[in-house]
Amino acid sequence: MSDITIKIKDREGEIHELQAPTDMGMNLMELCKAYELPVEGTCGGMAMCASCQCYVLSEHQLPEMQDAEEDMLDQAFYVEDNSRLGCQIPITEDLDGLEIELAPESEV
Ligand code: FES
């Protein structure tokens with residue numbers, strides 16, 4: 001299976017074009033960490049820290065938010081309508097061309 005491309009704008013406004021494997025069971029938070037972008041992922045992907053919050057800039061159809069993600073975003077800072085937790089978004093072929101921006105650093 002081939003890789004997909006995901007564009008990530010970091011907190012300095014720099015855009016990183018990442019190649020993401022769709023066959024490794026990775027999520028967006030893990031992808032950012034693999035490329036050493038400044039995403040903490042403190043809770044290890046349990047939707048409990050919001051350090052992986054990002055804003056979705058493109059029109060991709062993403063998996064629906066589960067309760068844990070919604071609850072976490074209720075408590076997080078800098079939340080916008082297009083906020084998602086990167087760790088709750090698995091990398092699949094449907095995400096090819098996805099564009100996201102890292103939310104400002106914040107932890108609850
Ligand atoms: S890594 Fe903690 S909420 Fe995503």
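Residues numbered from 1 in each chain as written. Predicted model: local features only at pLDDT ≥ 70, side-chain atom pairs only at ≥ 80, totals over all residues. Heavy atoms only, no water.

Visitor: Would you mind going over the overall build of the protein with me for this structure?
Guide: Each helix and strand in the protein was counted, giving two helices and five strands. Each helix and strand of the protein, placed in order from N terminus to C terminus, yields the pattern β-β-α-β-α-β-β. Here the C-alpha radius of gyration of the protein, 13 Å, is about what a compact globule of 108 residues would show, namely 13 Å. Along the first, second and third principal axes, the C-alpha atoms of the protein reach 35 × 30 × 25 Å. Sorting the 108 residues of the protein into buried and exposed places 43% on the buried side. Summarising the internal contacts of the protein: among those between residues at least 6 apart in sequence, 64% fall at separations of at least 24. With 5 positive and 25 negative side-chain charges, the protein shows a separation of 5 Å between the mean positions of the two kinds. (Helix = DSSP H or I, 4+ residues; strand = E, 2+ residues; numbered from the N terminus. Rg over C-alpha atoms; globule rule 2.2 N^0.38 Å. Buried < 20%, exposed > 50% of the residue type's maximum accessible area, 1.4 Å probe, protein only. Contact = heavy atoms within 4.5 Å. Lys, Arg positive; Asp, Glu negative; His and termini not counted. Charge placed at Lys NZ, Arg CZ, Asp CG, Glu CD.)

Visitor: Just checking my understanding: could you explain unusual backbone geometry for this structure?
Guide: Trans peptide bonds make up most of the peptide bonds, and negative phi angles are found at most residues other than glycine. Despite not being glycine, A47 has its phi angle at roughly 60 degrees, a positive value. Take A47: it is sitting in the loop between helix 1 (28-34) and strand 3 (53-56). Look at Y78: it is not a glycine, yet its phi comes out positive at around 60 degrees. With respect to the helices and strands, the residue Y78 is situated in the loop between helix 2 (67-75) and strand 4 (83-85).

Visitor: I tried to follow the state of the cysteines on my own but got confused; where do I start?
Guide: Every disulfide links exactly two cysteines, by a covalent bond between their sulfur atoms. The final tally for this structure, using the stated rule, is zero disulfides. Not engaged in a disulfide, the cysteine C32 finds its nearest cysteine sulfur in C54; these two sulfurs lie 7.1 Å apart. (Disulfide = S-S within 2.5 Å.)

Visitor: What is the right way to look at the nonpolar core in this model?
Guide: Here is a general trend for soluble globular proteins: nonpolar side chains tend to be buried in one another's company. If you look at the biggest cluster of nonpolar residues, it comprises 29 residues, and the most contacted ones within it are I6, I8, L28, L85, I91 and L98. Every element with two or more residues in this core is listed here: strand 1 (3-9), strand 2 (15-21), helix 1, strand 3, helix 2 and strand 5 (99-102). The element best represented in this core is helix 1, accounting for four residues. Discounting residues that sit within four places of it in the chain, L98 has contacts with T5, I6, K7, L28, V56, S58, H60 and L62. (Core = buried A, V, L, I, M, F, W, Y, C linked by side-chain atoms within 4.5 Å.)

Visitor: What exactly am I supposed to notice about helix 2 here?
Guide: Since there are 3.6 residues in each turn of an α-helix, residues three or four apart along the chain are aligned in direction. For helix 2, every residue scored as buried is listed here: E69, M72 and L73. Considered in projection along helix 2, the buried side chains sweep an arc of 95 degrees and stay on one side of the axis. Exposed side of helix 2, more than 90 degrees from the buried face: D67 and D74 are the residues found there. Looking at the packing, one finds that the buried side of helix 2 touches strand 3 and strand 4. (Arc of directions from axis to C-beta.)

Visitor: Is there a simple way to think about the pairing of strand 2 in this case?
Guide: Consecutive side chains along a regular strand alternate between the two faces of the sheet. The pairing of strand 1 with strand 2 spans seven bridges and is classified as antiparallel. Bridge pairing links K9 to I15 in strand 2. The hairpin turn running from strand 1 into strand 2, its antiparallel successor, is five residues long, and G13 in that turn takes a positive phi close to 90 degrees. (Pairing = 2+ DSSP bridges.)

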